[in-house]
Each structure stands twice: as C-alpha cells, then as structure tokens.
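Commentary on secondary and tertiary structure
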Amino acid sequence: MNFVTLNNGLQMPQLGFGVWQVENDEAQAAVTKALQSGYISIDTAMIYKNEAGVGKAIHESGMKREDLFITTKVWNSDQGYENTIRAYEESLQRLGLDYVDLYLIHWPTPEFDQYIETYQAMEELYRAGKVKAIGVCNFEIEHLERLLNECSVKPVLNQVECHPYLQQKDIKAFCKKHDIFVEAWSPLDQGGAVLEDETISAIAKAHGKSNAQVVLRWHLQNDTIVIPKSVTPSRIEENINVFDFTLSDEEMHSIDQLDRNARKGPHPNDLNVR
C-alpha cells in the first residue's frame, strides 16, 4: 500500500475502498472482503445509508481501529453549524466508532450558501480531536478560494469526480498549489467507456493487467488518492493489485491526452438538492 502525507501530517492510504451505491446489507460483506484483501481505508457517507453495515464489518474484522482509515461525510440537508455537529455524532453512532479519520462536506450546494459555517463546525470537531482531518468533496476552485479566505484550517483534500475522460486539471493544479490532495470518486468512470478505451486497452495488454488496473495506476502516479468501489470479490482483489507495475512516461502521457471533460455526475454548481 502506498501512503500520502496530508497537509496536517496525517498519513492516508492512497488507495481505499468506496461504498457508494452499496446497500447496507451488502456493505458488510463487501467491506469484509476489502479488509481481507488488504484495503485499510474505507470511504462511506451518511447519504449512502450503509454506515451501519460498514461499522459491522470493521468491528467483526478483528483489526485494530488505529490501523484503519475511515472517512464519512456530512450530507447537504445537515449543513449548518449545529446540524453538522449533530450529524457527525449520528454518523459515529451508526458506525459504532469513537472517531473518524476524515470528515468531509459532501457537496457545496452553493445555492444554500452554508458550506462555510458547515466547515467551521468541522473545524471545531477537528480542534476538539474528534476527527483526525477535515476536507471537502466536489468543491470548485471558487468554493475552495472562499474556504481558504474565510476559514482557518486548510482542507486536507478535495474529493471530486475524476477519471481519464474527466481529468480535473485546473482543480488539480489549484489544489497542488495549496497543498490539498485530490481524491477521485468514480475513478473508473463507473465502469463506463473509459474501461473500453483502445489506448488503455493497449497499455493493459502490454503489462498483462486489466484496463481498470491501468486506470488506477494512472491515478496513483498522478498523486491522486483513489477509492474504487465494487461488490464483486474478484474485482475487489483486482483493484488493489496495482502496486507491482509502473506506467512509463509515454504511457502516462497517452492517457493524459484522453481528457474529454465528460462527467458522469452533476456539476457541483448545479447540485443543490437537500
């Protein structure tokens, strides 16, 4: 496993396991398989409605809590200072944990304009030692700039949709300048066209790897944190077996040329649901 050092000194696995769109009763089995396969970072969220299943897998794994890295998120309808504090405590109860390693704002929902006070509540949780690190998801540069200007604790990362067809180069450049990691959700394009791309297929064949493994390796070599999701045991294992090969500069460059600015999810400025 590769680790990255966040801007507050915390070490985070560069490859984790995501559980978006995994039903609660499936989450326990999927996370159990992930932990058995070598994952130690698990990414969930209140809105996924599977924190309880994730928590059961953690508790039944027999692994030490300090050896795991657990992320969850505050949902849009829980934004606001007091709501965020309450939502965090409720997530802890569902997970059955005393703390989470990373707490994130799920979406900025700029129409409601509460992400600053939401983040300030997270700063209080961080200062109180209730979370190890705080960050954001789906923040555009304008949202990040406001956060950096109005808040005092720099987010450790920004989790955004990112894959070879949506490479987020401007956001990556901004985050790198400010020592904020980018974490990719849907790093495999949700199993879409990226995994059938001819360029990626040729590279995969050359390395004796799957297309998904090549895409994950591309993310890792771009210093991006990744959280691929699967409920298929063989794919859970496949997705973590990406540390035994390296893409050449030429192969990295060829994947860099695939950017189409093609989103699977909504643009953050348009997602204002609660």
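Look a little higher up for the structure.
Described in the following lines is the structure provided in the data block. Just so it is clear, the model here is predicted, and its values are computed rather than measured.

What counts, and where the lines are drawn
Residues numbered from 1 in each chain as written. Predicted model: local features only at pLDDT ≥ 70, side-chain atom pairs only at ≥ 80, totals over all residues. Heavy atoms only, no water. Helix = DSSP H or I, 4+ residues; strand = E, 2+ residues; numbered from the N terminus. Rg over C-alpha atoms; globule rule 2.2 N^0.38 Å. Buried < 20%, exposed > 50% of the residue type's maximum accessible area, 1.4 Å probe, protein only. Contact = heavy atoms within 4.5 Å. Areas by Shrake-Rupley, 256 points an atom, 1.4 Å probe, with all protein chains shown as cover. Lys, Arg positive; Asp, Glu negative; His and termini not counted. Charge placed at Lys NZ, Arg CZ, Asp CG, Glu CD. Axes fitted to C-alpha atoms, helices over the stretch in contact; angles between N-to-C directions. Parallel < 35°, antiparallel > 145°, perpendicular 65-115°, else oblique. Left-handed = near helix turned anticlockwise from the far one by under 90°. Phe/Tyr/Trp six-rings, centres within 6.5 Å; stacked < 30°, edge-to-face > 60°. Lys NZ or Arg CZ within 6 Å of the ring centre and 35° of its normal. Core = buried A, V, L, I, M, F, W, Y, C linked by side-chain atoms within 4.5 Å.

We now examine the overall build of the chain. Secondary structure summary: the chain contains 10 helices and 10 strands in total. Against the 2.2 N^0.38 benchmark of 19 Å for 274 residues, the chain shows a C-alpha radius of gyration of 18 Å, consistent with a compact globule. Considering the chain as a whole, with its 274 residues, one finds that 56% of them fall into the buried category. The long-range fraction of contacts in the chain, counting pairs at least 24 apart against all pairs at least 6 apart in sequence, stands at 76%. A total of about 11600 Å² of accessible surface is found on the chain, and carbon and sulfur atoms cover 44% of it. Separation between the mean location of the 26 positive side-chain charges and that of the 41 negative ones in the chain comes to 2 Å.

Let us now look at unusual backbone geometry. A positive phi is found at Gln21, a non-glycine position, where the angle reads about 65°. Even without a glycine there, the phi angle at Gln168 is positive, about 55°. With respect to the helices, strands and loops of the structure, Gln168 is situated in the loop between strand E8 (157-161) and helix H6 (169-177).

Turning to the packing of helix H1 (residues 24-37) against helix H9 (residues 233-240), a few remarks are in order. Put simply, H1 and H9 touch, their axes get as near as 10 Å, and they point 40° apart. For the element pair H1 / H9, the angle class is oblique. Every pair of crossing elements has a handedness; the one defined by H1 and H9 is right-handed. Between H1 and H9, the contacting residues are Ala30, Lys33, Ala34 and Ser37 on the first element and Pro233, Ile236, Glu237 and Ile240 on the second.

To describe a pair of aromatic rings, one takes the distance between the centres and the angle between the planes. Here the structure, examined in full by the defined rule, presents five aromatic pairs. Seen from their ring centres, Trp107 and Trp185 are 6.4 Å apart, and the 65° between their planes marks the pair as edge-to-face. A residue pair is termed long-range when its members are at least 10 positions apart, and Trp107 in the loop between strand E6 (100-105) and helix H4 (115-127) and Trp185 in strand E9 (residues 181-185) qualify at 78 residues. Each residue in the set Trp20, Trp107 and Trp185 is aromatic and connected to the rest through ring pairs, giving one cluster. The residue whose ring lies beneath Arg65 is Tyr99, and the NZ or CZ to ring-centre distance is 4.1 Å.

So, about the nonpolar core. If you look at the biggest cluster of nonpolar residues, it comprises 71 residues, and the most contacted ones within it are Phe17, Tyr103 and Tyr119. Top element by residues in this core is helix H8 (residues 211-221). It accounts for six residues. In terms of nonpolar packing, the next biggest core, distinct from the first, is built from 12 residues, Cys137, Val156, Phe181 and Ile225 among them.

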